[in-house]
Amino acid sequence: MKDVILHIRGVTKTYAQSIKVKGGHDGIENHTVLNKLDFSVEKNKVTALIGGNGSGKTTLFNIISGLTKGNEGYIEFVNGKTSILSEMAPYKIARLGIGRLFQDVHIFPELSIIENMLLADNVRLGEQPLSPFFLYSKVKAKEKVRLEKAEKIFCSLFQEDKGLLDRFTIKKNESAKSLSYGQQRILGLTMLLMADNKLLMLDEPASGVNPSLNEQIALIINKMVVEQGLTIFLIEHNMRFMAEVSDICAFLNKGRIEFIGTPKEVLENEQVKLSYLGA
Amino acid sequence: MNYILHILIMINIYIILTTSANLVVGMVNLLSVGQAAFYGIGAYVTALVLIVLGLPLFPSILLSMLVTALLGFIIGITSIRLKGDYFVLATLGFQIIIYTILNNWISVTKGPYGIPGIPAPEALGFIKISGIYGFFIFSLILLVFVIFVFYRLIHSPFGRALKGIRDDETAMLALGRNTTQLKTQAFTISCAFTAISGFLYASYITYIDPTSFNLDESIFIVSAVLIGGTGNIKGPIMGAVFVVILPELLRFIGLPDNIAANMRLIIYGFALCMFMYFRPQGIAGEYKFL
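Residues numbered from 1 in each chain as written. Chains lettered and ligands numbered in written order. Predicted model: local features only at pLDDT ≥ 70, side-chain atom pairs only at ≥ 80, totals over all residues. Heavy atoms only, no water.

With reference to specific residues and values, describe the overall build of chain A.
Secondary structure summary: chain A contains 11 helices and 10 strands in total. Since a compact globule built from 279 residues should have a radius of gyration of about 19 Å, the 20 Å found for chain A is in line with a globular shape. Across its three principal axes, chain A shows a C-alpha extent of roughly 70 × 45 × 40 Å. Partitioning the intrachain contacts of chain A with sequence separation of at least 6 by distance along the chain shows that 69% fall at a separation of at least 24. Total accessible area on chain A stands at roughly 13,200 Å², and carbon and sulfur atoms take up 51% of it. (Helix = DSSP H or I, 4+ residues; strand = E, 2+ residues; numbered from the N terminus. Rg over C-alpha atoms; globule rule 2.2 N^0.38 Å. Contact = heavy atoms within 4.5 Å. Areas by Shrake-Rupley, 256 points an atom, 1.4 Å probe, with all protein chains shown as cover.)

Printed below as a string of structure tokens:
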């Protein structure tokens, strides 16, 4: 039996759209993005979600993260115990160990590279307003542990790429906005490891990134699964990258999963070719 | 000499105001235009505590901070979920409500007549804080205490979390941070320390009336924060020094009083426009507010 970490059950999402109706009057039409979607994400695997623009991939990720509410259905996260995500606030969902890399860069540009990493730690000791006064030495010790953890993550992820390792370690006190777009994406990905997450949802990790950084990202994803035992659920338009990193691929079309298989099977499927990949 | 000491005391009061406001305006990007209301509540609670209850220094300050923090917490939890302009409007509404109450609740606040004869606070039963030298040293001690507290807060993981909200609230939610709670905490702390300025002002001037805590004053405080710069300790200090010293410098130009008062406002407005245009991070801030 498959070991599943995330069950998506009958999730529906509709948006109200204003339209022009007969006679030039304004009207409202419901646009269904996700239509009773059922899907499961297997533990310790890389599952890719592909589909055309506007097919609802990011909407599904937002519903899982709690940033958008679905109209119907529910989502279960299984990690020892089962949690129903649809009823939880976004920050509580994240605390279960669900990390998210957004489609656009969501790091903290005014903070330094290392501060971005420290902020991503899931143990929040020191973030209570009285702790800098009454738990000063404990907070200081915890900061040291966080710093060591961040440096260890940098070293393990970038050991093959000296340039990137130097950028993130020697220049760690520079502001995150000084990084290039691709490096900011990598920082976002690296921050997910600070939080001891169980499931990572990556929204187009390879978009807007040059080929060498793409390789680096593929390597990081592989390490996350093999060495850290994480589960990855990703959205991707770059089929070469998707085929390289994923174990399972699902094709989302018209609000439902139309085909599931290995990346090779999906890419060779006639229906996927016809409605998404083109000739 | 007394004149210089008076200016220094006013600078100390305003540094406490701007440093407190910075925690909300500069650290979490919430433009609160109700700071003068909290300043006023701190001052009025001080006046009532010293006159009616006759409490000594430390219990008076604590009570003043506690009452203001409690009100700040209530306003915080109800308005902090509002985004951008809506939060500004909520704090504007609160500012107007408090001003109206101070102006009309005659039996407690004596309305527009104000409360005169606020006694000098006493510490430890034998130290009476009075005279311009006494108040200067007292305001300096409070200032050092406030700067110490905010320095620690800003440079702690709590401060880092607030800066995280300022930079990207969605990313903070995705990292498992209860951003509403963190913002409410920052707002409440800011209000509590604003009350210290109210305490100093009421006990130093010995007379308070609602016009010292109106909307103009709130805008003045926020302007001082933005001119000085946000996100660190230096910025709000520079801002407070700038806005208190500027009108004093205008005196030396020799303008008639009625023109000088208007000139002061024109220059503040002009300075704010110029700063937003040419130096959005303010004199010494680390963050561009707009």
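Outline the packing of aromatic side chains, supporting the account with residue identities and numerical values.
If you walk through the whole model with that rule in mind, you get 21 aromatic pairs over all chains. Note on Phe38(B) and Phe187(B): the rings are 5.7 Å apart at their centroids and 85° apart in plane angle, and the pair reads as edge-to-face. Of this pair, Phe38(B) sits in helix H2 (residues 35–53) while Phe187(B) sits in helix H9 (residues 179–205); the two residues are 149 residues apart in sequence, bridging distant segments of the chain. Considering the side-chain rings of Phe135(B) and Tyr204(B), the 5.5 Å spacing of their centres and the 55° angle between planes classify their relative orientation as tilted. You can see Phe135(B) sitting in helix H6 (residues 131–154) and its partner Tyr204(B) sitting in helix H9, a full 69 residues away along the chain. For Phe135(B), a relative accessible area of 5% puts it in the buried group. Following the ring pairs from residue to residue traces out a cluster consisting of Phe38(B), Phe87(B), Phe94(B) and Phe187(B). Directly above the ring of Tyr15(A) sits Lys13(A), whose terminal nitrogen or CZ lies 5.0 Å from the centroid. Sitting above the plane of the Tyr136(A) ring, Arg152(B) keeps its charged end 3.6 Å from the centroid. (Phe/Tyr/Trp six-rings, centres within 6.5 Å; stacked < 30°, edge-to-face > 60°. Buried < 20%, exposed > 50% of the residue type's maximum accessible area, 1.4 Å probe, protein only. Lys NZ or Arg CZ within 6 Å of the ring centre and 35° of its normal.)

If you had to explain the packing of H2(B) against helix H4 (residues 84–104) of chain B to someone new, which residues and values would you point to?
Each pair of packed helices can be described by the angle between their axes along with the distance between the axes. Residue and element names in this part refer to chain B. Contact geometry of H2 with H4 gives a least axis separation of 8 Å together with a crossing angle of 30°. In terms of their interaxial angle, H2 and H4 are classed as roughly parallel. When the axes of H2 and H4 are compared, the crossing they make is left-handed. Together, Gln35, Ala36, Ala37, Phe38, Ile41 and Tyr44 of H2 and Phe94, Gln95, Ile98 and Leu102 of H4 make up the contact between the two elements. Residue composition of the contact of H2 with H4, grouped by class: eight nonpolar, two polar and no charged. (Axes fitted to C-alpha atoms, helices over the stretch in contact; angles between N-to-C directions. Parallel < 35°, antiparallel > 145°, perpendicular 65-115°, else oblique. Left-handed = near helix turned anticlockwise from the far one by under 90°. Nonpolar A, V, L, I, M, F, W, Y, C, P; charged D, E, K, R; others polar.)

Could you give me a rundown of the side chain of Lys163(B), with the residues and numbers involved?
Along the polypeptide, Lys163(B) turns up in helix H7 (residues 157–167). Residue contacts for Lys163(B): discarding those within four places in its chain leaves Leu111(A), Met27(B), Ile154(B), Gly231(B) and Glu286(B).

Honestly, it's all geometry; don't read function into it.
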